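Given next are the chains, with one letter for each unit.
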Amino acid sequence: KKSTGEIDLQLTLIVPEPEYVRASWSIKEAVDRYMEPFLQQFPVQFNVNSQVLYLTNLHIPSALDGHGALEVGPSELGTALNKMESLLSSQSSSNPALNLIVYIPPIQRIPLTISGSATNSFLLPRWGGVHIYNYVDSGLENIRFPTEVEVDMKRVSGIWLGQLRSLLGVREAEKKRV
């Protein structure tokens, strides 16, 4: 889309199984503390919106069968996002938009990891980024359901800021100055 001097930034928490995982996030505080100082450095206006989607799953073909830990490739996740894009908040403006998503995997696929990613995240150029948020590192045998999960917004915001730098081309600009 043509730039209008504004960018819509949609922040989404996806919780596919709220009956097992009661997830919460301090999104307003995270935006105010971590995101706004970065966004204010740009000569465009960012319109930041947030939402939580329940009972929505990334449809990853390799995750449909079986249980336990699973490692997936970014291409599988890109395909899964294409299928759920219509569920994300519809864009009601003519501004270009970026999406940043935190996805809490279903309990039968914890931990869900992304091959080759140190942050368990991936980017889709000109669309946005996704972070898979595993609330446990291994087996669920010691967890009682439903479980309360408070998303670590400092960690997530750090990942989102890195994704925004890549999506907005900040790294390239910094390299040119050197």
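Since the model is a prediction, treat every value here as computed from it, not as a measurement.

### A look at the sheet that holds strand β5 (residues 97-103)
Backbone hydrogen bonds are what pair the strands of a sheet, in a parallel or an antiparallel way. Sheet architecture is open: 5 strands sit in the order β3-β1-β5-β8-β7, paired in mixed fashion. Whereas interior strands pair on both sides, the edge strands pair on one side only; in this sheet they are β3 (45-54) and β7 (121-124). Each adjacent strand pair in this sheet contributes to an overall mean axis angle of 15°, direction not counted. The pairing of β7 with strand β8 (residues 128-132) spans 4 bridges and is classified as antiparallel. Residue pairing for β8: phenylalanine 122 is matched across the bridge by valine 130. Set on the sheet, helix α2 (residues 74-84) makes contact with β1 (6-15), β5, β7 and β8; between it and β7 the angle comes to about 60°. Docked against the sheet, helix α3 (residues 153-168) engages β1, β3, β5, β7 and β8, running at close to 150° with respect to β5.

### Some points on the nonpolar core
Within the largest apolar cluster, 33 residues are counted, with the highest numbers of intra-cluster contacts made by Met35, Ile104, Tyr135, Val151 and Trp160. Among the secondary structure elements, those contributing two or more residues to this core are β1, β2 (21-24), α1 (27-39), β5 and α3. In terms of residue count, α1 provides more of this core than any other element does, 6 residues in total. Ignoring any residue separated from it by four or fewer positions in sequence, one finds isoleucine 104 in contact with Leu13, Ile14, Val15, Pro16, Val21, Ala23, Tyr133, Tyr135 and Val151. Core analysis: the second largest hydrophobic core is formed by 20 residues, Ile14, Ile60, Leu112 and Ile114 among them.

### Some thoughts on the environment of arginine 144
Looking at the element boundaries, arginine 144 is found in the loop between β8 and β9 (147-150). Taking relative accessible area as the criterion, arginine 144 reaches 73% and is therefore assigned exposed. For the pair formed by arginine 144 and tyrosine 20, sequence separation is 124 residues and the distance between their alpha carbons is 8.8 Å.

### Concerning the pattern of salt bridges
A full pass over the atoms with the stated rule returns 2 salt bridges. The closest approach of N and O atoms between arginine 22 and glutamate 148, which form a salt bridge, is 3.6 Å. Highlighted residues: arginine 22 in strand β2 and glutamate 148 in strand β9, separated in sequence by 126 residues. On the accessibility criterion, arginine 22 (44% relative accessible area) is partly exposed. You can call glutamate 148 exposed: its relative accessible area is 57%. With its nearest N and O atoms 2.9 Å apart, the salt bridge here joins lysine 28 to aspartate 32. Taken together, the residues lysine 28 and aspartate 32, both in helix α1 and 4 residues apart, mark about one turn of the helix.

### Comments concerning the side chain of asparagine 120
Tracing the backbone through its elements, the reader meets asparagine 120 in the loop between β6 (112-114) and β7. Of note is the side chain of asparagine 120, whose polar atom sits 2.8 Å from the backbone nitrogen of isoleucine 114. Excluding its chain neighbours within four sequence positions, the residues that come into contact with asparagine 120 are Leu112, Thr113, Ile114, Val130, His131, Ile132 and Asn134.

### Some details on the packing of aromatic side chains
All chains considered together, the criterion is met by 4 aromatic pairs. Aromatic side chains tyrosine 20 and phenylalanine 145 sit 5.9 Å apart centroid to centroid with 85° between the ring planes, which places their arrangement in the edge-to-face category. In this pair, tyrosine 20 sits in the loop between β1 and β2 while phenylalanine 145 sits in the loop between β8 and β9, placing the two residues 125 residues apart along the sequence. Taken together, a centroid distance of 5.2 Å and an interplanar angle of 70° make the contact between phenylalanine 38 and phenylalanine 42 edge-to-face. The exposure class assigned to phenylalanine 38 is buried, which follows from its relative accessible area of 9%. Taken together, the aromatic side chains of Phe38, Phe42 and Phe46 make up a single cluster linked through ring pairs.

Calculation criteria
All residue numbers refer to position in the chain's written sequence, counted from 1. Residue-level local features of this predicted model are given only where pLDDT is at least 70; pairs of side-chain atoms are given and counted only at 80 or more, and the full residue set underlies all totals for whole chains, interfaces and linings. Excluded from the side-chain calculation are hydrogens and water; included are all heavy atoms of the structure. The pairing criterion is simple: DSSP has to find at least two bridges between the two strands. Numbered from the N terminus, helices here are DSSP runs of H or I no shorter than four residues, and strands are runs of E no shorter than two. To get an axis, a line is fitted to the C-alpha atoms, and for a helix only the part in contact is used. The angle between two axes follows their N-to-C directions and goes from 0 to 180 degrees. Throughout, a residue-residue contact means that at least one pair of heavy atoms, one from each residue, lies within 4.5 Å. Throughout this description, the term nonpolar core refers to a set of buried Ala, Val, Leu, Ile, Met, Phe, Trp, Tyr and Cys residues connected via side-chain atoms within 4.5 Å. Note on classification: 1.4 Å probe, protein chains only; a residue is buried when its accessible area is under 20% of the maximum for its type, exposed when over 50%, partly exposed between these limits. Salt-bridge detection follows one rule: a side-chain nitrogen of Lys or Arg within 4 Å of a carboxyl oxygen of Asp or Glu. Whenever a nitrogen or oxygen atom comes within 3.5 Å of another N or O atom, the pair is scored as a polar contact, on the condition that within protein one atom can donate a hydrogen and the other can accept it, and that pairs from neighbouring residues in sequence are kept only if both atoms are in side chains. To pair, rings of Phe, Tyr and Trp, with the six-membered ring standing in for Trp, must have centres within 6.5 Å; the planes then decide the type, stacked if under 30 degrees apart, edge-to-face if over 60, and tilted in the middle.

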